[in-house]
Amino acid sequence: MGDHGVSNGGRQRSALLVIKVRGISTKIGNQPSKVMEDLVKDGLGEQIYAYAAEHPYIIKAYREGFPVLMER
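Quick summary incoming for the structure in this document. None of the values given here were measured: they were computed from a predicted structure. Residue positions within a chain follow its written sequence, with the count starting from 1. Residues qualify for local features only when their pLDDT is at least 70, as the model is predicted, and side-chain atom pairs are given and counted only at 80 or more; totals for whole chains, interfaces and linings, by contrast, use all residues. Each side-chain value is derived from all of the structure's non-hydrogen atoms; neither hydrogens nor water enter the calculation.

A short note on the overall build of the chain
Every helix listed is a DSSP run of H or I at least four residues long, and every strand listed is a run of E at least two residues long, numbered separately from the N terminus. Tallying secondary structure elements over the chain gives one helix and four strands in all. For the chain, the sequential pattern of α-helices and β-strands runs β-β-α-β-β. By the burial criterion, 26% of the 72 residues in the chain qualify as buried. We call two residues contacting when some pair of their heavy atoms lies within 4.5 Å. A fraction of 66% describes how many contacts in the chain between residues 6 or more apart in sequence connect residues 24 or more apart. Carbon and sulfur atoms make up 52% of the accessible area of the chain, which totals about 5,000 Å². Working definition: with a 1.4 Å probe on protein chains only, accessible area under 20% of the residue-type maximum means buried, over 50% means exposed, and in between means partly exposed. Per-residue accessibility takes into account occlusion by the displayed protein chains alone, with areas from the Shrake-Rupley method and a 1.4 Å probe.

Comments concerning the nonpolar core
Nonpolar side chains tend to gather and get buried jointly when the protein is soluble and globular. For the purposes of this section, nonpolar cores are sets of buried Ala, Val, Leu, Ile, Met, Phe, Trp, Tyr and Cys residues that join through side-chain atoms within 4.5 Å. Judged by nonpolar contacts, Ile19, Val21, Val40, Ile48, Tyr49, Leu69 and Met70 together constitute the single largest core of seven residues. If you list the elements that add at least two residues to this core, you get strand E2 (17–21), helix H1 (34–54) and strand E4 (68–71). Sorting elements by how many residues they give to this core places H1 first, with three residues. Other than its neighbours up to four places away in sequence, Met70 contacts Leu17, Val18, Ile19, Val40, Gly45, Glu46 and Tyr49.

Written out as structure tokens, the structure is:
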């Protein structure tokens, strides 16, 4: 998954799965790029969710502060 991950909602997003960004360089800032957002919206997000469904061990608890690219 590289710098992306699938997280369960944690307490505050309890019923959701989210695709989040982690490890963004402070040089880039705290927000994902438009290119990343577009990739997730244009089908990559569904592929990530499908992979997570088949490999639930990759799902981690959400930590506040990570930018979220997609919620389900």
